[in-house]
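A look at the structure
If you want the building blocks of each chain, they are given just below.
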Amino acid sequence: MGELLLTLRLVLAALLYLFLGVALYVLWRGLHQNEQPPGVAHTQAQVIIEQGDEPGRCIALRPVMAIGRGAANHLPLNDPFTSTHHAMLLWRDNLWWLEDLGSHNGTFLNDKRVNQPTPLASGDRIRVGQTILRFETMNEGRVVNYE
């Protein structure tokens, strides 16, 4: 009876370690699934706050960047004229796009209101509320300006 109980305990411990190993593997694999496969990496880009709460601040862009007054945004702005969820910067179809999210005061690209997703070029100026951002693409860590 004692040997059977010891064997059951060892089997239970082995199953527990197997479960933990599988759980860690699934978590690790899930984290790496969000990485983009080779050949489809997005072009590195940044926005620089030209006018607003923190002038001169540079923000490196992720493939999806939410902009707005809410703290949950990737780029939260302390601007009373900015909506909680104001705009998005997206990497799609090998281009960076600016999209307004139905904001009350609108999103402007080079002083023209954005009504639909619009592609960006290096040097473009984006106005969200009273904040002005300059969009720049980067090449090997250097800012590339196509103007």
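One can find the structure itself at the top, above this paragraph.
Here we summarise the structure given alongside this text. Within any chain, residue numbers begin from 1 and follow the written order of that chain's sequence. Per-residue local features are limited, in this predicted model, to residues with pLDDT of at least 70; the limit for side-chain atom pairs, both in listing and counting, is 80 or more; totals at the level of whole chains, interfaces and linings are taken over all residues. In computing side-chain values, all of the structure's heavy atoms are included and hydrogens and water are not.

1. Points about the overall build of the protein
Rules: To qualify as a helix, a DSSP run of H or I must reach at least 4 residues; to qualify as a strand, a run of E must reach at least 2; elements of each kind are numbered from the N terminus. Buried, partly exposed and exposed residues are distinguished by accessible area as a fraction of the type maximum, computed with a 1.4 Å probe on protein chains only: under 20%, between the cut-offs, and over 50%, respectively. Contact criterion: two residues are considered in contact whenever any of their non-hydrogen atoms come within 4.5 Å of each other. The protein chains shown are the only cover counted for residues, whose accessible areas, like all others here, come from Shrake-Rupley with a 1.4 Å probe.
For the protein, the count of helices and strands is one helix and 12 strands. In the protein, the order of α-helices and β-strands from amino to carboxyl end is α-β-β-β-β-β-β-β-β-β-β-β-β. Burial analysis of the protein (147 residues in total) assigns 32% to the buried set. A fraction of 35% describes how many contacts in the protein between residues 6 or more apart in sequence connect residues 24 or more apart. Summed over its atoms, the accessible surface of the protein is roughly 9900 Å², and 59% of this surface lies on carbon and sulfur atoms.

2. Quick word on a nonpolar patch on the surface
The cut-off we apply is this: For patches, a residue must show more than 30% relative accessible area and have no salt bridge; joins then use 9 Å for like charges and 5 Å for nonpolar side chains, namely Val, Leu, Ile, Met, Phe, Trp and Tyr. We define a salt bridge as a contact between a side-chain nitrogen of Lys or Arg and a carboxyl oxygen of Asp or Glu at a distance within 4 Å.
Together, Val11, Leu15, Leu18, Val22, Tyr25, Val26 and Trp28 make up a nonpolar patch on the protein surface, roughly 710 Å² of accessible area in all. You can call Tyr25 partly exposed: its relative accessible area is 45%.

3. Considerations on the packing of aromatic side chains
Keep this limit in mind: Aromatic contacts are taken between Phe, Tyr and Trp rings whose centres are within 6.5 Å, Trp giving its six-membered ring; a plane angle under 30 degrees counts as stacked, one over 60 as edge-to-face, and the others as tilted. As a reminder, the over-ring test applies to NZ of lysine and CZ of arginine, requiring each to be within 6 Å of the ring centre and within 35 degrees of the ring normal.
Summed over all chains, the structure comprises three aromatic pairs. Among the aromatic residues, those joined into a cluster by ring pairs are Trp91, Trp96 and Phe135. The ring of Trp97 carries the charged tip of Arg92 above its face, separated from the ring centre by 5.2 Å. One Lys or Arg, Arg127, reaches over the ring of Phe108 and ends 4.2 Å from the middle of that ring.

Read these as geometric descriptors, not functional statements.
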